Amino acid sequence: MPAIVKLVPEETVFFLCDVQTRFKNAIFSFDEIVLTINKMLKIAKVLEIPVVVTEQNPKGLGNTIPDIDLPSLGPLLLATIAKGLFSMVTPEVNAILHERPQIKSVVLFGIESHVCVLQSALDFIEAGYNVHVIADGVSSCNKEEIPFALARIRQSGGFITTSESAAFQLQRDAGVPGFKSFSNVIKEEKDNTVRALQKLLQHRAVL
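Note that the coordinates shown come from a computational prediction; the quantities given were computed from them, not determined experimentally.

(A) Structural view of the overall build of the chain. Helices and strands together make up the secondary structure of the chain, namely eight helices and six strands. Across the chain, helices and strands are ordered from the amino to the carboxyl terminus as β-α-β-α-β-α-β-α-β-α-β-α-α-α. For the chain, with 207 residues in total, the buried portion stands at 49%. For the chain, the exposed surface amounts to about 10,000 Å²; the carbon and sulfur share of it is 54%. Here the chain holds 20 positive side-chain charges and 22 negative ones, and the gap between their average locations is 3 Å.

Written out as C-alpha cells, the structure is:
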C-alpha cells in the first residue's frame, strides 16, 4: 500500500509559478487562475505558510501581474526569483529549501501547466519533495494541454488536488483558535471558488 501523504503547514511551502503580465491575454481562464492564487495567498497568511514566486524572463514577459497581492504577504514572501529555466527548481530555490530542512511538501500553482509547472513538479519530486498541484490554480495557453500535464505529474508521483481541498487539509482542525479567520476566507472566496472550478475543471475528467 502506498504511503499516505498529508499537507502539514509547518512542512509546506507554496510556489507561485510565472503569472506575469505578458501572459494575461494568452492563458486560458487567466482571470480565474488569479482568483485562485489570491485565495491561496490568503490561506498562506492565515496559516503562516511561506511563499516563493518565480518569473520567467521578466525583462521580456513582465513581472507578476499586480492583481496578485504579493505585498500583503509581508515576510511570508521568501523571494521573487527571475529565472531562465522552465523549472522553478533554480539554485536560488534550492538554497531556500536547504535552509528549511523541515519542508516536505510543495504546493504548486501558476502557469503554464505543461511547461514550467510540469517541469517544476518533476524536479521537486525527483528531489524528494511531496508535490501537490492545485488543479483550479494552473492553466496553459491551450486548455487541451492541461489534463495531460496533470496526468504526467500524477504518473510521476505528484498529487492533484483543488484549492479548497488543500486549504482544509492544511487547516486540519475546526477547534483551534485560528479557525475563524480560515473560515472567513473560505466564505469570502465562495463565489470565486465556484467560478474557478466551473471554468477550469468542468471539462476535465478525474485523473
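(B) Structural view of helix α6 (residues 163-171). Regarding α6, the residues found buried are Ser163, Ala166, Ala167, Leu170 and Gln171. In a view along the axis of α6, the buried residues occupy a sector of 135°, so they form one face of it. Tucked into the core, α6 has its buried residues touching β1 (12-17), α1 (30-47), β5 (130-139), β6 (159-161) and α7 (179-188). Just past α6, the residue Arg172 takes up positive phi, approximately 70°.

(C) Local environment of the environment of Glu189. Structurally, Glu189 is set in the loop between α7 and α8 (190-200). C-alpha separation for the pair Glu189 and Ser113, spaced 76 residues apart in sequence, amounts to 23 Å.

(D) Molecular detail of helix α3 (residues 91-98). Along α3, the residues that are buried comprise Val93, Ile96 and Leu97. The buried residues of α3 occupy an angular sector of 95° when projected down its axis, which confines them to one face. Those residues of α3 that are exposed and aimed more than 90 degrees away from the buried face are Pro91 and His98. In this structure, the buried side of α3 is in contact with β1, β2 (51-56), β3 (77-83) and α4 (113-126).

(E) Summary view of the sheet that holds β2. Spatially, β3-β2-β1-β4-β5-β6 is the arrangement adopted by the six strands of the open sheet, whose pairing is parallel. With one partner strand each, in any of the chains shown, β3 and β6 form the two edges of the open sheet. Mean inter-strand twist for the sheet, computed between neighbouring axes without regard to direction, equals 25°. The strands touched by α4 within the sheet are β1, β2, β3, β4 (105-111) and β5, with β4 carrying the most contacts at an inclination of about 170°. In the packing of helix α5 (residues 145-155) onto the sheet, contacts are made with β5 and β6, and the angle to β5 comes to roughly 175°.

(F) Layout of the nonpolar core. Phe14, Leu16, Val19, Phe30, Ile37, Ile68 and Phe109 are the most contacted members of the largest nonpolar core, which has 35 residues in total. Listing elements by their share of this core, those giving two or more residues are β1, α1, β2, β4, α6, α7 and α8. The dominant element in this core, judged by the number of residues it contributes, is α1, at nine residues. Not counting residues within four places of it along the chain, the set of residues in contact with Leu16 comprises Ile37, Val52, Val53, Thr54, Ile68, Leu70, Met88 and Phe109. Counting residues in hydrophobic clusters, the runner-up holds 28 residues, among them Val52, Ala79, Ile96 and Tyr129.

What counts, and at which threshold
Residues numbered from 1 in each chain as written. Predicted model: local features only at pLDDT ≥ 70, side-chain atom pairs only at ≥ 80, totals over all residues. Heavy atoms only, no water. Helix = DSSP H or I, 4+ residues; strand = E, 2+ residues; numbered from the N terminus. Buried < 20%, exposed > 50% of the residue type's maximum accessible area, 1.4 Å probe, protein only. Areas by Shrake-Rupley, 256 points an atom, 1.4 Å probe, with all protein chains shown as cover. Lys, Arg positive; Asp, Glu negative; His and termini not counted. Charge placed at Lys NZ, Arg CZ, Asp CG, Glu CD. Arc of directions from axis to C-beta. Contact = heavy atoms within 4.5 Å. Pairing = 2+ DSSP bridges. Axes fitted to C-alpha atoms, helices over the stretch in contact; angles between N-to-C directions. Core = buried A, V, L, I, M, F, W, Y, C linked by side-chain atoms within 4.5 Å.

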